[in-house]
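# Geometric and topological summary
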Amino acid sequence: MNINEIKQLTKGKQYNFLRDNEHLGKNIVLLGVTGSHGTGVNTKNSDVDIRGCATNSKREILLGKDFEKIEDKPTDTIVYSFPKLVRLLTKCSPGVIELLGLKKEYYLYISEVGQRILDNKKMFLTQKAIKSFGGAVTNQLKLIRSGKAKNIGKECSLLIRMYLIGLDIIEKGEIITYREKERDLLLDIRNGKYIDKNTEYNILNNSTKLNAKLVYKYKVKAFENIDGISYTSKISNSYGMAIQAKGIDVSHHNGKIDWKKIKKSGVDFAMIRIGYG
């Protein structure tokens, strides 16, 4: 389904709520196609995701009330109230901020207020993106490694897509939702080009082992002290396999160290004090 077909689709009865809901209708200031279509990695079976913003009525403003959002699950549509949208944008929420970086043709409606939001979108691009996108990517990786993902290719593509969008915000100060340069790669990943019968096992095994080393770096308590020098991760993957990373703690008291011999013995890493203070 192309963007013109989507625009025609939204004129149908199933989208009447956009016109009839008391909080929407003439109060809508911004409406766009997000998700797979908005990022350019849609397939023929992709759902249509629509996100938007509507202003509160005068009564709601005077009474301090906020409808926050109108969600229609059958059509995967969410329209946020203006205050709710601003709160999410100030947090650099990945699922919301992409609404401000769509290609022009993917906007279904832009009012004067909506255009002002787009014109001033850079005010929402802060260092908070490190935490918000980093958290989203981490959660996506956990889903993939858990073995619960129904379509691992799709979830891997989404992970990389979020990473790239977040990276552009942090490094370039831009929201680039439509991934034109990486589109073919993301579609190949989504369509399973790099997946075989061993892929899921390899993803779980390798990334969990890498995570064990990271856990050692930031959460030493995740390891045991064995005979004073070895540390073993207790992390397990969905296959029930224990992934281990063995390391040693050395100092000047150990004298000259034969690192080649240590490597051959199966040690993965070493802790070395490099200063005091």
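Note on numbering: residues in each chain are counted from 1, in written sequence order. Reporting in this predicted model follows two pLDDT cut-offs: at least 70 for local features of residues, and 80 or more for side-chain atom pairs to be given and counted; totals over whole chains, interfaces and linings ignore these cut-offs and use all residues. Here the side-chain values reflect all heavy atoms present in the structure, with hydrogen atoms and water set aside.

## Remarks on the overall build of the protein chain
- We count a stretch as a helix when DSSP gives it H or I for four or more residues in a row; a strand needs E for two or more, and each element gets its number in order from the N terminus. Within the protein chain one finds 12 helices and 7 strands.
- Throughout this description, buried means an accessible area under 20% of the type-specific maximum (1.4 Å probe, protein chains only), exposed means over 50%, and partly exposed covers the range between. Counting every position in the protein chain, which comprises 277 residues, the buried fraction comes to 42%.
- A separation threshold of at least 6 residues defines the contact pool for the protein chain, and within that pool the share at least 24 residues apart is 59%. Contacts are assigned to residue pairs that have any heavy atoms within 4.5 Å of one another.

## As for the layout of surface pockets
- A volume near 560 Å³ is recorded for the largest pocket.
- Listed by contribution, the elements that provide at least two residues to the lining of the largest pocket are α3 (35-39), β2 (49-54), α6 (94-97) and α9 (152-172).
- Throughout this entry, Asp, Glu, Lys and Arg are counted as charged residues, while Ala, Val, Leu, Ile, Met, Phe, Trp, Tyr, Cys and Pro are counted as nonpolar. The remaining residues, Gly among them, count as polar. Of the residues contributing to the lining of the largest pocket, the split by class is 6 nonpolar, 7 polar and 8 charged. We place a 1 Å grid over just the protein atoms. Points where a 1.4 Å probe fits but has no way out form a cavity, open points with protein on both sides within 12 Å along at least 5 of 7 lines form a pocket, and any residue with an atom within 4 Å of a point lines it. Grid points are joined across faces, edges and corners, and a volume is the space filled by probe spheres set on the points.

## What about the pattern of salt bridges?
- Should a side-chain nitrogen of Lys or Arg be within 4 Å of a carboxyl oxygen of Asp or Glu, the pair is scored as a salt bridge. Under the criterion given, the structure shown has 9 salt bridges.
- Here E112 and R116 are joined by a salt bridge, their closest N and O atoms 3.5 Å apart. Of this pair, E112 and R116 both sit in helix α7 (residues 112-119), 4 residues apart, which is roughly one turn of the helix.
- We classify R116 as exposed; its relative accessible area is 53%.
- With its nearest N and O atoms 3.5 Å apart, the salt bridge here joins D168 to K172. Of this pair, D168 and K172 both sit in helix α9, 4 residues apart, which is roughly one turn of that helix.
- Residue class for D168 comes out buried when judged on its relative accessible area of 7%.
- Each member of the salt-bridge network shares a partner with another, and the members are D168, K172, R179 and E182.

## Let's talk about the confidence of the model for the protein chain
- On a range of 0 to 100, pLDDT expresses the predictor's confidence in each residue. Put simply, the protein chain has an average pLDDT of 82, and 81% of its residues get 70 or more.
- Taken together, the stretch residues 203-224 has pLDDT below 50 and engages in 49 contacts with residues farther than four places along the chain or on a different chain.
- Note on residues 231-243: pLDDT is under 50 here. Beyond four places in sequence and across chains, it has 47 contacts.

## Points about the side chain of S132
- By secondary structure assignment, the location of S132 is in helix α8 (residues 128-146).
- There is a polar contact of 2.7 Å between the side chain of S132 and the backbone oxygen of C92.
- If we ignore the near neighbours within four places in the chain, the residues touching S132 are K91, C92 and P94. Counted as a polar contact is a pair of N or O atoms within 3.5 Å, where, for protein atoms, one must be capable of donating a hydrogen and the other of accepting one, and residues adjacent in sequence contribute only when both atoms are in side chains.

## Points about a nonpolar patch on the surface
- Where nonpolar side chains cluster on the molecular surface, the patch consists of W259, I272 and I274 and spans about 380 Å² of accessible area.
- Within the secondary structure, W259 sits in helix α12 (residues 259-264). The patches reported here contain residues having more than 30% relative accessible area and no salt bridge. Joining distances are 9 Å for like charges and 5 Å for nonpolar side chains (Val, Leu, Ile, Met, Phe, Trp, Tyr). Methods summary: accessible areas were calculated by the Shrake-Rupley approach with a probe of 1.4 Å, and residue burial reflects only the protein chains presented.

## Quick word on unusual backbone geometry
- Positioned with a positive phi, E68 is a non-glycine residue whose angle comes to about 65 degrees.
- Its place among the elements puts E68 in the loop between α4 (58-63) and β3 (69-72).
- Residue E68 is classed as partly exposed on the basis of its relative accessible area of 37%.
- Phi at D76 takes a positive value of approximately 55 degrees, unusual for a residue other than glycine.
- Here D76 is to be found in the loop between β3 and β4 (77-81).

## Quick word on the packing of α8 against α9
- To define axes, lines are fitted to C-alpha atoms, for helices over the stretch in contact only, and angles between the resulting N-to-C directions are given on a 0 to 180 degree scale. It is the contact of α8 with α9, at a shortest axis distance of 9 Å, that shows an interaxial angle of 165 degrees. Considering their axes alone, α8 and α9 lie roughly antiparallel with respect to each other. As α8 runs across α9, the sense of the crossing is left-handed. Residues A129, I130, F133, A136, V137, Q140, L141, L143 and I144 of α8 pack against I152, E155, C156, L158, L159, M162, Y163, I165, G166, I169 and I170 of α9. Working rule for angles: under 35 degrees goes down as roughly parallel, over 145 as roughly antiparallel, 65 to 115 as roughly perpendicular, anything else as oblique. Crossing handedness: left-handed means the near helix sits turned counterclockwise from the far one by under a right angle, and right-handed means the same turn made clockwise.

## Side note on the environment of H252
- Position of H252 relative to the elements: it lies in the loop between β6 (247-250) and α12.
- Each C-alpha atom, one on H252 and one on R273, is 9.2 Å from the other, the two residues being 21 residues apart in sequence.

## Section: the environment of K131
- The residue K131 is located in helix α8 in this model.
- A C-alpha to C-alpha distance of 9.0 Å links K131 and K91, two positions 40 residues apart in sequence.

## A few points about the pairing of β2
- In terms of residue burial, β2 counts as a mostly covered element, since 6 of its 6 residues are buried.
- Of the two faces of β2, the one carrying D49, R51 and C53 and the one carrying I50, G52 and A54 are both buried.
- In this analysis, strands are considered paired if DSSP registers two or more bridges between them. Of the pairings in the sheet, the one linking strand β1 (residues 28-34) to β2 comprises 6 bridges and is antiparallel in character. Considered in β2, the bridge of T34 is made with D49.
- Sheet topology places β2 next to β4; 5 bridges connect them, and they run parallel. In the sheet register, R51 faces β4, and the bridge partner there is I78.

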